[in-house]
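Analysis of the macromolecular model
Letter by letter, the chains look like this.
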Amino acid sequence: MLELLLCSLLTIFPDYLYRRYRQGKRLGKEITLYSVWFELRFGIIACLVLTVSLITMIFYYHPSTTSATLFYRTIPIVPEIAGRVAEVNFELSAPVKQGDVIFRLDSAKQEASLLTARRKIAEVDAAMLAAQADILKAEGQLQEAKGALQQAQDELDTKSELQKRNPGIVPQRDIEKLTVAVAGRQGSLDAASASKQSAMTRLTALLPAEKASAEAALAEAQVDLDKTFIRAGVNGRVEQFGLRRGDIVNPMIRSAGVLIPEGAGRRALMAGFGQIEAQVMKVGMVAEATCISKPWTIIPMVVTNVQDYIAAGQFRGGEQLVEAQQVVRPGTILVFMEPIYKGGLEGVTPGSSCIANAYTSNHELISSGKVGSFKSFALHVVDATGLVHAMLLRIQALLLPVKTLVLSGH
């Protein structure tokens, strides 16, 4: 309507003035309801053509959308293991800090496993003390075997020397017995040395490995016990948390509630513009938005990112071919907009529906001097028509509460 009134001032109104004051025709006499088309046909046609052209130019170079929302992602409150709830620390809706225990599962099994792992470590420590005693015992047996071997060897050497000096003075049978005794003492010495080596190997290799395994089992049991404490990963707020003591929770079935991170949905506005604006939407474009949760307020924004893909064309590989007719509604170009001034989105509720405008600016191109006079004038016209869309946005912001509260059936 605003575009039609504007275009009529440039077409129909001058045509009427010409016929009224130049040709002397009077309204209600020569210019009547029946003759208005014949008299003002050139102005009406020019008005309609100019209106359509102006609307097309405005909506193309200064796109607008009502599909703008402060999207935010929630974190599901899901335990890593299934179990029965033993303790709940928060109500249906409450603020939480990072690390706070939201609820706790029954941990009798995990505590028993932890106790078993600790007892295993204590058992290995006791075995290490016993192994040290075995080493001391083996050292004593080794010294005893060395002494017995030395005694048998000395007696054999003495009698062998006597036999060499005075053959027959020592019976050959005694020398053979001593030789066998020396070999036996040597075997006892080797056995004592092997026993000591075995005890040292058990103390320095086997038992430390068993202790390391027991400590790993203890750490695993501690991790399993920690999993029974479901903590907040970030600062935020717990919402729709209806869990009660005695409930059974299973991560494969459903979450226990949702955690909304602090500041979620207060950084950027995501808006979906028509596909035809794909060549117009650029990073750095100035934009404006008004949201229903903060009426009568225009928020200056800037386009920070334009998504390169349209979500409507997404599909998952499966056993069926994609049918294009299944895409009922055409997808939109997703645009991320952030407020120009700090705190621009304060007071806007995350998830609120908004109306957004983006404005094309050719100032740098015009100032560069790389375009001719006619094109420069055309670009000035394109930039100037953004004022019409800005006025429309302010009219929408003014009428939005009335439309919502009065005309929506409340």
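Before reading further, recall that the structure is shown in the block above.
This text gives an overview of the structure that appears in the document. (Residues numbered from 1 in each chain as written. Predicted model: local features only at pLDDT ≥ 70, side-chain atom pairs only at ≥ 80, totals over all residues. Heavy atoms only, no water.)

**Here we look at the pairing of strand S5 (residues 101–105)**
Counting buried positions along S5 yields four of five residues, so the element is predominantly enclosed. Where strand S3 (residues 83–88) lies against S5, three bridges are found, and the strand directions are antiparallel. From the neighbouring strand, Val-85 faces S5, where its bridge partner is Leu-105. In the sheet, S5 pairs with strand S6 (residues 229–231) via three bridges, with the strands oriented antiparallel. Residue pairing across strands places Arg-104 opposite Phe-229, the latter belonging to S6. (Buried < 20%, exposed > 50% of the residue type's maximum accessible area, 1.4 Å probe, protein only. Helix = DSSP H or I, 4+ residues; strand = E, 2+ residues; numbered from the N terminus. Pairing = 2+ DSSP bridges.)

**Remarks on a nonpolar patch on the surface**
Side chains of Trp-296, Ile-395, Leu-398 and Leu-399 sit close together on the surface and give an oily, nonpolar patch of about 440 Å² of accessible area. Ranked by residue count, the leading element in the nonpolar patch is helix H9 (residues 386–405), at three residues. Checked against the element boundaries, Ile-395 lands in helix H9. (Patch = residues over 30% accessible without salt bridge, like charges linked within 9 Å, V, L, I, M, F, W, Y side chains within 5 Å. Areas by Shrake-Rupley, 256 points an atom, 1.4 Å probe, with all protein chains shown as cover. Salt bridge = Lys/Arg side-chain N within 4 Å of Asp/Glu carboxyl O.)

**Notes on the pattern of salt bridges**
Pairing between side chains becomes possible if they bear opposite charge and their charged atoms approach one another. Tallied over the entire structure, the rule returns seven salt bridges. Note that Arg-104 and Glu-87 form a salt bridge whose closest N and O atoms lie 3.2 Å from each other. Taken together, the residues Arg-104 in strand S5 and Glu-87 in strand S3 connect sequence positions 17 residues apart. For Glu-87, a relative accessible area of 34% translates into the label partly exposed. Where Lys-211 meets Asp-125, a salt bridge forms, and the shortest distance between an N and an O atom there is 3.2 Å.

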